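If you want the building blocks of each chain, they are given just below.
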Amino acid sequence: MNQLLNLIKATRRNMIKLEIGKPSSIVWGRTRFGGHPDVPADFVWPTFECDTFYDEVVRPRPLAFLAQFDCGALAFQDTDGLLPRTGILSFFYELDSARWGYDPNDAGCARVYWFDGSEPLAPADFPDELEEEFRIPRLPVQVQSAASFADWADFSMLENNPEISEGYVEAYEALGGSGNCSKLLGWPDIVQDNMTLECELVTRGYYLGDGSCRPKELAEKLACPSIDGWRLLFQLKSFTFDDFDLTFGDEGALYFYIPTQDLRAHRFDRVWTILQSE
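Since we're looking at a predicted model, the values are computed, not measured.

Trainee: I'd like to hear about the packing of aromatic side chains, residue by residue, with values.
Mentor: Counted under the stated rule, the structure contains 24 aromatic pairs. Among the aromatic residues, those joined into a ring-pair cluster are Phe43, Trp45, Phe65, Phe92, Tyr113, Phe115 and Phe126. The ring of Trp187 has Arg13 lying over it, and the distance from NZ or CZ to the ring centre is 3.7 Å.

Shown next, in the form of structure tokens:
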């Protein structure tokens, strides 16, 4: 057990735990969930051309604004020093089609913007085409730095040793796991299976909606490197607050992943988004 604990401890990453809707005695700058995004004057609201389950017409649909994070205000919580130290990081996603991220054509269903602080920002009006149900109400966010560790779906790819599965859950839970919460950075709380390899393959153009389409030899080659090659940027869990409900599938979660080199370079234009549900 001690050896297993040490292996799991070695995966430690800092996360910024987010409690959406919970008032905080600390003001985290412009950090908030929902409401109107703070954007520069020349901002063009992002759209994604698609149909939906209820509407078969393919047309540009405005993305919903999910949240924004004040990087300067959160710098003390980012103990691994991965986020920019200035500006606003904003997240958008097309909620009506709710793409799962296994299709290369899902590119553009989510967008992440970093406004570096060089220009003044002001709240943007919602586009007229954005339906009322996708205009998320403004909610406060409480944040807290905490440790997170790789859960089995990621850990097993790192170690590639099925024998260590015995006792893993007990050891993982003893360390506190990854919190099973909404978060910035850290390790994901995985609902189905590892996602870094999915990010690597789908962004190379492989459709993964059918298991038979997965390139087996390439997947085996890229599996372990993908763990270091992609990092979780933002995990948003399904939640209910008063009369507002945001659910991804069956109580699932939305995950924004970013190539590690892009995160370090503060480039957010190649983020890939995956939805997982039970």
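Trainee: Outline a negative patch on the surface, supporting the account with residue identities and numerical values.
Mentor: On the surface, a cluster of negative charge is made up of Asp245, Asp250, Glu251 and Glu278. Tracing the chain through its elements places Asp245 in strand β14 (residues 244-246). Owing to a relative accessible area of 46%, Asp245 belongs among the partly exposed residues under this scheme.

Trainee: Any chance you could break down the sheet that holds strand β6 (residues 64-70) for me, citing the residues and the numbers?
Mentor: Read across the sheet, four strands follow the order β2-β6-β7-β8 without closing on themselves; strand pairing throughout is antiparallel. Here the strands that pair on one side only, and so sit at the sheet edges, are β2 (32-33) and β8 (110-115).

Trainee: An account of the pattern of salt bridges is requested, with residue identities and associated values reported.
Mentor: A complete count under the given rule lists 13 salt bridges for this structure. Between Arg99 and Asp51 there is a salt bridge, and its shortest N-O distance comes to 3.4 Å. Remark: Asp51 occurs in the loop between β4 (47-50) and β5 (59-62) and Arg99 occurs in the loop between β7 (88-93) and β8; sequence separation between them is 48 residues. A salt bridge links Asp106 to Arg99; the shortest N-O distance between them is 3.6 Å.

Trainee: Please give an account of the packing of helix α3 (residues 152-159) against helix α6 (residues 216-229) that cites residues and values.
Mentor: The N-to-C vectors of α3 and α6 enclose an angle of 120°; their axes lie 9 Å apart at closest approach. Helix-helix and strand crossings are classified by hand; for α3 and α6 the assignment is left-handed. Residue-level contacts link Asp154, Met157 and Leu158 of α3 to Ala223, Cys224, Ser226 and Ile227 of α6. Here the contact of α3 with α6 is built from residues that sort into five nonpolar, one polar and one charged.

Trainee: Residue-level account of the nonpolar core, with values.
Mentor: Core analysis: the largest hydrophobic core is formed by 56 residues, its most contacted members being Phe33, Phe91, Tyr93, Leu184, Leu233, Leu236 and Phe256. Not counting chain neighbours up to four residues away, the residues in contact with Leu236 comprise Ile20, Phe33, Leu66, Ser182, Leu246, Phe248, Ala253 and Leu254. Ranked by size, the runner-up nonpolar core spans 31 residues in total, among them Ala171, Tyr172, Trp187 and Met195.

Trainee: How would you explain the environment of Phe33 if you had to name every residue and give the values?
Mentor: Residue position: Phe33 is located in strand β2. For Phe33 and Ala67, which are 34 residues apart along the polypeptide, the C-alpha to C-alpha distance reads 4.2 Å. Sequence-distant contacts of Phe33, that is, excluding residues within four places in its chain, are made with Ile20, Leu66, Ala67, Ile136, Pro137, Arg138, Leu139, Val141, Leu236, Phe239, Phe244 and Leu246.

The rules we used
- Residues numbered from 1 in each chain as written.
- Predicted model: local features only at pLDDT ≥ 70, side-chain atom pairs only at ≥ 80, totals over all residues.
- Heavy atoms only, no water.
- Phe/Tyr/Trp six-rings, centres within 6.5 Å; stacked < 30°, edge-to-face > 60°.
- Lys NZ or Arg CZ within 6 Å of the ring centre and 35° of its normal.
- Patch = residues over 30% accessible without salt bridge, like charges linked within 9 Å, V, L, I, M, F, W, Y side chains within 5 Å.
- Areas by Shrake-Rupley, 256 points an atom, 1.4 Å probe, with all protein chains shown as cover.
- Salt bridge = Lys/Arg side-chain N within 4 Å of Asp/Glu carboxyl O.
- Lys, Arg positive; Asp, Glu negative; His and termini not counted.
- Charge placed at Lys NZ, Arg CZ, Asp CG, Glu CD.
- Helix = DSSP H or I, 4+ residues; strand = E, 2+ residues; numbered from the N terminus.
- Buried < 20%, exposed > 50% of the residue type's maximum accessible area, 1.4 Å probe, protein only.
- Pairing = 2+ DSSP bridges.
- Axes fitted to C-alpha atoms, helices over the stretch in contact; angles between N-to-C directions.
- Left-handed = near helix turned anticlockwise from the far one by under 90°.
- Contact = heavy atoms within 4.5 Å.
- Nonpolar A, V, L, I, M, F, W, Y, C, P; charged D, E, K, R; others polar.
- Core = buried A, V, L, I, M, F, W, Y, C linked by side-chain atoms within 4.5 Å.

These figures come from the coordinates and say nothing about function on their own.
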